[in-house]
Amino acid sequence: MTFGEVGAMVSLPGRDSLSDADDRTIASRAADGDIRAFEILMRRYGSLMRAYAARIVRPSDADDVVQETFVTAWQDLPDLENPASVRSWLTTIVTRKSIDRLRAARDQDSIDDHDFHDPADGPAETATATSLDEALSLALSTLPEDQRRCWVLREIAGYGYSEIAEQLDLPVSTIRGLLARSRKTLVDEMEAWR
Amino acid sequence: MTDITPEPSNTSPLDETSLDGHTIDELSDYLDRGRLPRDPSIESSAAAQHALAALSRLRAVAPRIIRADAAYFAPKNENWMSRILDQIGVQAHAGRDIPIPYDVPGADLSISEGAVRALVRAAGDDTDGLVVERTQLDGDLETPGAPVEVHVIVSTFADADDARVVPGFRRLVIDTIREHTDLVVTRVTVRVHDSDITDEDLDDDGNLVPR
């Protein structure tokens with residue numbers, strides 16, 4: 001017999017105040033094994049991670065990527081050196097998981113020999129943007145997926161050109177071309193808001 | 001052919017036919033290098049300057065785009081967290097099994113190390129003025145009677161009186177562990193993170209000395 005669930009039976013008067021705590025405190029608690037602190041972390045960054053994943057993988061795969069991201073995060077949190085930087089740390093994990101998923105899909109695709117080009121289930125093209133940020137978010141949705149992927153890896157994840165080329169299994173010259181086209185589309189959209 | 005399009009012809013600052021021979025790719029690289037070394041042919045071209053400014057602005061708003069996305073991509077139901085919690089529950093950090101001596105033949109009682117650490121955190125939750133961040137049990141937990149040290153890192157609230165709050169918490173940790181386990185705790189260290197404690201409050205090992 002094991003009283004492994006003792007923690008769950010203990011009343012947690014600090015729980016509400018914990019949800020207001022800063023990232024460092026929450027991440028430290030989660031790293032210490034506090035699953036409620038980890039829940040707060042998921043609530044805080046789940047949408048962001050899902051948005052992030054949906055910009056790199058097929059949107060229908062985003063939920064799986066987010067799940068893998070947080071499971072890995074839970075395992076690796078005790079080794080996170082700077083808990084205050086938990087958000088960027090999560091972003092690094094979700095990027096890696098997205099690329100893994102992309103590679104797996106690509107391998108699968110070459111076997112099945114079927115084309116997949118789901119329309120992004122993100123902001124609908126028909127939606128009306130009410131701010132520059134929203135307009136650019138919409139524009140990002142309308143980009144071809146390889147352009148969108150390159151742009152996110154470069155501008156959000158901060159990957160170098162050769163790194164993107166390696167991860168996406170494309171020549172650097174192709175990456176440069178995709179980035180130039182994505183930048184032009186996004187800049188044109190941005191300028192329209194000036 | 002007569003062009004009667006109502007659109008202005010030069011709307012895009014990144015139209016490569018009017019960048020004085022420069023390309024978006026080249027200008028992006030130039031921007032990435034912090035515009036160094038200085039390239040006179042770029043710096044003297046009004047069109048290239050215009051393009052560089054637009055690329056800089058795009059770079060500046062990039063993080064905001066993903067944040068705007070997050071609203072659209074918010075998980076559509078609440079199940080997503082429970083699916084993850086179900087999965088990690090199996091591999092929760094239970095740690096070592098700490099035996100509980102019990103006077104019935106064949107009975108094999110234990111409490112997990114993770115559960116004891118949760119008790120220490122709960123003691124912090126019961127204490128006004130501080131939050132427990134990290135806990136650690138050092139020693140041979142699996143051998144009854146072996147000496148065990150408890151190390152705790154806490155942060156205290158700005159308006160908390162550390163000299164009063166921390167010793168009270170330390171006492172509560174000792175009592176809680178004694179109540180729930182038979183561990184022989186020889187030392188409890190509470191380290192206060194982000195707090196102003198003077199040296200005279202601490203002994204050589206960082207223990208807060210009750211006054």
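The structure we're discussing is the one just above.
Here's a quick rundown of the structure.

Analysis parameters
- Residues numbered from 1 in each chain as written.
- Chains lettered and ligands numbered in written order.
- Predicted model: local features only at pLDDT ≥ 70, side-chain atom pairs only at ≥ 80, totals over all residues.
- Heavy atoms only, no water.
- Helix = DSSP H or I, 4+ residues; strand = E, 2+ residues; numbered from the N terminus.
- Buried < 20%, exposed > 50% of the residue type's maximum accessible area, 1.4 Å probe, protein only.
- Contact = heavy atoms within 4.5 Å.
- Areas by Shrake-Rupley, 256 points an atom, 1.4 Å probe, with all protein chains shown as cover.
- Pairing = 2+ DSSP bridges.
- Salt bridge = Lys/Arg side-chain N within 4 Å of Asp/Glu carboxyl O.
- Axes fitted to C-alpha atoms, helices over the stretch in contact; angles between N-to-C directions.
- Parallel < 35°, antiparallel > 145°, perpendicular 65-115°, else oblique.
- Nonpolar A, V, L, I, M, F, W, Y, C, P; charged D, E, K, R; others polar.
- Patch = residues over 30% accessible without salt bridge, like charges linked within 9 Å, V, L, I, M, F, W, Y side chains within 5 Å.
- Lys, Arg positive; Asp, Glu negative; His and termini not counted.
- Charge placed at Lys NZ, Arg CZ, Asp CG, Glu CD.
- Buried area = accessible area lost by both parts, 1.4 Å probe.
- Polar contact = N/O pair within 3.5 Å; in protein donor to acceptor, adjacent residues only side chain to side chain.
- Phe/Tyr/Trp six-rings, centres within 6.5 Å; stacked < 30°, edge-to-face > 60°.

**A few points about the overall build of chain A**
Part 1: When helices and strands are tallied, chain A shows ten helices and zero strands.
Part 2: Reading chain A from its N end, one meets helices and strands in the order α-α-α-α-α-α-α-α-α-α.
Part 3: For chain A, the proportion of its 194 residues judged to be buried stands at 53%.
Part 4: Sequence-distant contacts, at least 24 apart, represent 62% of the contacts inside chain A between residues at least 6 apart.
Part 5: When the accessible surface of chain A is totalled, it reaches about 8,600 Å², and 46% of it is carbon and sulfur.

**Overview of the pairing of strand E1 (residues 97–100) of chain B**
All names here are of chain B.
Part 1: Side chains of E1 alternate between two faces, with Ile98 and Ile100 buried and Asp97 and Pro99 left unburied.
Part 2: Here E1 pairs with strand E2 (residues 109–112) via four bridges, running antiparallel. Counterpart to Pro99 in the pairing with E2 is Ser110.

**A short note on the pattern of salt bridges**
Pairs can form between side chains of opposite charge whenever their charged atoms are close.
Part 1: Under the definition given, this model contains 27 salt bridges over all chains.
Part 2: Arg117 of chain B is the salt-bridge partner of Asp32 of chain A, the closest N and O atoms lying 2.8 Å from each other. On the criterion of chain membership, the pair formed by Asp32 of chain A in the loop between helix H3 (23–31) and helix H4 (35–54) and Arg117 of chain B in helix H5 (residues 113–125) is interchain, its members lying in two chains.
Part 3: Among the ionic pairs, Arg134 of chain B bridges to Asp32 of chain A, the shortest N-O distance being 3.7 Å. Taken together, the residues span two chains, with Arg134 of chain B in strand E3 (residues 130–139) and Asp32 of chain A in the loop between H3 and H4.
Part 4: Overall, the relative accessible area of 25% leaves Arg134 of chain B in the partly exposed class.
Part 5: A network of salt bridges, in which partner residues are shared, links Arg29, Asp32 and Asp34 of chain A together with Arg117, Arg121, Asp125 and Arg134 of chain B.

**Some thoughts on the packing of H4 of chain A against helix H3 (residues 46–72) of chain B**
How two helices pack is summed up by the angle between their axes together with the distance between the axes.
Part 1: Interhelical geometry of H4 of chain A versus H3 of chain B gives an angle of 105° and a closest axis separation of 8 Å. The angle between the axes of H4 of chain A and H3 of chain B places the two elements in the roughly perpendicular class. Each of Ser47, Leu48, Ala51 and Tyr52 of chain A in H4 of chain A lies in contact with H3 of chain B, whose residues at this interface are Ile66, Arg67, Asp69 and Ala70 of chain B.
Part 2: When the residues that make up the contact of H4 of chain A with H3 of chain B are grouped by side-chain class, the tally is five nonpolar, one polar and two charged.

**Quick notes on a negative patch on the surface**
Part 1: There is a patch of like negative charges on the surface, built from Asp97, Asp108, Asp140 and Glu142 of chain B.
Part 2: Mapped onto the secondary structure, Asp97 of chain B falls in strand E1.

**Details of the interface of chain A and chain B**
Part 1: Of the residues lining the interface, 66 residues belong to chain A; the matching set on chain B comes to 62 residues.
Part 2: Counting each side, the surface lost to burial between chain A and chain B is near 6,000 Å², with a carbon and sulfur contribution of 61%.
Part 3: Ranking the residues of chain A by area buried against chain B places Arg29, Asp32 and Gln67 of chain A at the top, with a combined share of 11%.
Part 4: For the pair chain A and chain B, the interface holds 13 salt bridges.
Part 5: Where chain A packs against chain B, one counts 19 residue pairs in polar contact (both at pLDDT 80 or more).
Part 6: With twelve residues, the single largest contributor to the side of chain A that touches chain B is H4 of chain A.
Part 7: Grouping the constituent residues of the side of chain A that touches chain B by class yields 31 nonpolar, 13 polar and 22 charged.

**A short note on the packing of aromatic side chains**
Part 1: Counted by the stated rule, this structure contains three aromatic pairs over all chains.
Part 2: Taking the centre distance of 6.1 Å and the plane angle of 85° together, the rings of Phe38 of chain A and Phe70 of chain A count as edge-to-face. On the criterion of sequence distance, the pair formed by Phe38 of chain A in helix H4 and Phe70 of chain A in helix H5 (residues 62–76) is long-range, its members being 32 residues apart. In this pair, the class of Phe38 of chain A matches that of Phe70 of chain A, namely buried.
Part 3: Summarising the aromatic geometry, the rings of Phe70 of chain A and Trp80 of chain B are spaced 6.1 Å apart at their centres and angled 45° between planes, so their arrangement reads as tilted. Here Phe70 of chain A is found in helix H5, whereas its partner Trp80 of chain B is found in helix H4 (residues 79–89) on a different chain.
Part 4: Using a relative accessible area of 0% as the deciding quantity, one classes Phe70 of chain A as buried.
Part 5: Pairwise contacts between aromatic rings join Phe38, Phe70 and Trp74 of chain A together with Trp80 of chain B into one cluster.

It is worth stressing that arrangement in space is one thing and function is another; only the former is reported here.
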